[in-house]
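# Residue-level structure breakdown
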Amino acid sequence: MKKTLHYAFFVAGMASLPAMAHVGYGGRDFGTFDNTYAASTRLDQAVTGNYGWIDGTDADYGDSHKLRPYRFTLLEPTDVTLEFAQATSQVTDHLGNVSMSQVGLMPAFSLYQGLAHMAPVKADHDSAEISLANRPDNTEGSFRALTDWSIGNDPGDLNGIPIPPSLSFFKYIGHAYDGTGFGSDGAPDGKVSHTFSNLAAGDYSVFVGGADYFSQDITNPNLLTKYGVTGTLVAGVVPEPQTYAMLLAGLALMGVIIRRRYSGAPPAESA
Ligand SMILES: [Ca+2]
Ligand SMILES: [Ca+2]
């Protein structure tokens, strides 16, 4: 199985825009899983602002820069639990600057089938022409928290051969969010988790952002605060108690067999 490479996609300020990250999974690939029980944690990640996810639940969509995408791959159908929690985190930007991100995130996430474009083709972003053409006018960005959505890239080239822009498609599967709002997890404790049962094999993206809708008010002093987040994925089916019992009984039986086998002629002393 080919280990997934990590790519970071960043642009260094375009004309009038501040430096922004395009959609990319650098440092946020949980990995590849089958239905064997396994866990993966991604530390030292951060989102800007505390509203990115919930801003994608409204009629004018959301700005994907205010979320962070994670990815994982399933080789066969299995259960997946995702948890995202507020954290302090140490984040290195595309210029190599290190900063600490603070606690206080009200985390939220949506799970989708599909992946964004990755190197060597150009990364997706909200203001690509194909992204703008694919959504209504006067939208804040391409991100949608509660339904399928698309975002695309700029024209590129590979070894001199032009690569036309194209859209990435995210097929909505489900979501969860921290807090006390309608449909939230009802426990405003800075963390949220959800288990998705029997997900199909394939590639998945998880977009994580804040769930405090009113924190996008331009007078909010924390409008551009970087909030740390720790993401954990648990994949696979936890063995049921009776399976454990059978396993332990089997091991005990093996022990008895081995002891009997060697009872006549014990093996050389070993630690
Ligand atoms: Ca919005
Ligand atoms: Ca919670």
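This write-up is about the structure you can find in this document. (Residues numbered from 1 in each chain as written. Chains lettered and ligands numbered in written order. Predicted model: local features only at pLDDT ≥ 70, side-chain atom pairs only at ≥ 80, totals over all residues. Heavy atoms only, no water.)

Another point: the coordination of the calcium ion (ligand 1). Only D55 (O), D55 (OD), D58 (OD), D58 (OD), D60 (OD), Y61 (O) and E140 (OE) from the protein reach the calcium ion (ligand 1) as donors, at distances of 2.1 to 2.5 Å. Linear spacing of the donor residues for the calcium ion (ligand 1) on their chain is D-x2-D-x1-D-Y-x78-E. In terms of burial, D55 and D58 fall into one category: buried. (Donors = N, O, S within 2.8 Å, 3.2 Å for Na, K, Ca; no water. Buried < 20%, exposed > 50% of the residue type's maximum accessible area, 1.4 Å probe, protein only.)

The next point concerns the sheet that holds strand β6 (residues 78–87). Note on sheets: strands pair through backbone hydrogen bonds, and any given pair is parallel or antiparallel. Strand order in this open sheet of 4 strands is β4-β16-β6-β14, and the pairing throughout is antiparallel. Of all strands in the sheet, those with a lone pairing partner are β4 (38–48) and β14 (191–199), marking the two edges. Each strand axis lies, on average, 15° off the axis of its neighbour in the sheet, ignoring direction. Sheet topology places β4 next to strand β16 (residues 226–235); 9 bridges connect them, and they run antiparallel. (Pairing = 2+ DSSP bridges. Helix = DSSP H or I, 4+ residues; strand = E, 2+ residues; numbered from the N terminus. Axes fitted to C-alpha atoms, helices over the stretch in contact; angles between N-to-C directions.)

In this model, A119 is joined to P120 through a cis peptide bond whose omega is 10°. With respect to the helices and strands, P120 occurs in the loop between β9 (107–113) and α1 (129–133). Notably, D44 is not glycine yet its phi reads approximately 55°, a positive angle. Mapped onto the fold, D44 is located in strand β4. With a phi close to 65°, N138 is a non-glycine residue in the positive phi region. Tracing the chain through its elements places N138 in the loop between α1 and β10 (149–152).

Glancing now at the coordination of the calcium ion (ligand 2). The protein atoms donating to the calcium ion (ligand 2) are D178 (OD), D185 (OD), D185 (OD), A187 (O), D189 (OD) and K191 (O), with metal-donor distances spanning 2.2 to 3.0 Å. For the calcium ion (ligand 2), the 6 donor atoms in the first shell make angles of 47 to 159° at the metal, so the coordination geometry reads as irregular. All donors to the calcium ion (ligand 2) come from one chain, and their sequence spacing reads D-x6-D-x1-A-x1-D-x1-K. Pair noted here: D178 is in the loop between β13 (167–177) and β14 and D189 is in the loop between β13 and β14, with a separation of 11 residues, a long-range link. (Tetrahedral: all angles 85-135°; square planar, octahedral: opposite > 155°, others 65-115°.)

This paragraph deals with a nonpolar patch on the surface. Together, Y244, L247, L248 and L251 give the surface a local cluster of nonpolar side chains, amounting to about 440 Å² of exposed area. When you line up the elements, L248 lands in helix α2 (residues 241–263). (Patch = residues over 30% accessible without salt bridge, like charges linked within 9 Å, V, L, I, M, F, W, Y side chains within 5 Å. Areas by Shrake-Rupley, 256 points an atom, 1.4 Å probe, with all protein chains shown as cover. Salt bridge = Lys/Arg side-chain N within 4 Å of Asp/Glu carboxyl O.)

Bringing the environment of G49 into the picture now. Here G49 shows up in the loop between β4 and β5 (68–74). Given the relative accessible area of 0%, G49 is considered buried. Once the C-alpha coordinates of G49 and G210 are considered, the two residues, 161 residues apart in sequence, prove to be 6.9 Å apart. Aside from chain neighbours lying at most four places away, what touches G49 is L105, N222, L223, L224, T225 and Y227. (Contact = heavy atoms within 4.5 Å.)

Here we take up the sheet that holds β13. If you walk across this open sheet you meet the 6 strands as β3-β5-β15-β9-β13-β10, and the pairing is mixed. Two strands bound the open sheet, and with one partner strand each, they are β3 (29–33) and β10. Pairs of neighbouring strands in the sheet enclose a mean axial angle of 30°, with direction left out of account. Pairing geometry for β9 and strand β15 (residues 202–210), over 7 bridges, is antiparallel. By the bridge assignment, A108 is partnered in β15 with G209.

What follows is about the packing of aromatic side chains. Applying the stated criterion across every chain, the model contains 17 aromatic pairs. Here Y112 and F207 contribute two aromatic rings whose centre-to-centre distance is 5.9 Å and whose plane-to-plane angle is 80°, an arrangement assigned as edge-to-face. A residue pair is termed long-range when its members are at least 10 positions apart, and Y112 in strand β9 and F207 in strand β15 qualify at 95 residues. Each of the two residues, Y112 as well as F207, counts as buried. Three or more aromatic residues link up through ring pairs in this structure, and these residues are Y112, F143, W149, F170, Y172 and F207. Cation over ring: R71 sits above Y25, and NZ or CZ is 5.9 Å from the ring centre. (Phe/Tyr/Trp six-rings, centres within 6.5 Å; stacked < 30°, edge-to-face > 60°. Lys NZ or Arg CZ within 6 Å of the ring centre and 35° of its normal.)

Shape descriptors only; they carry no functional weight alone.
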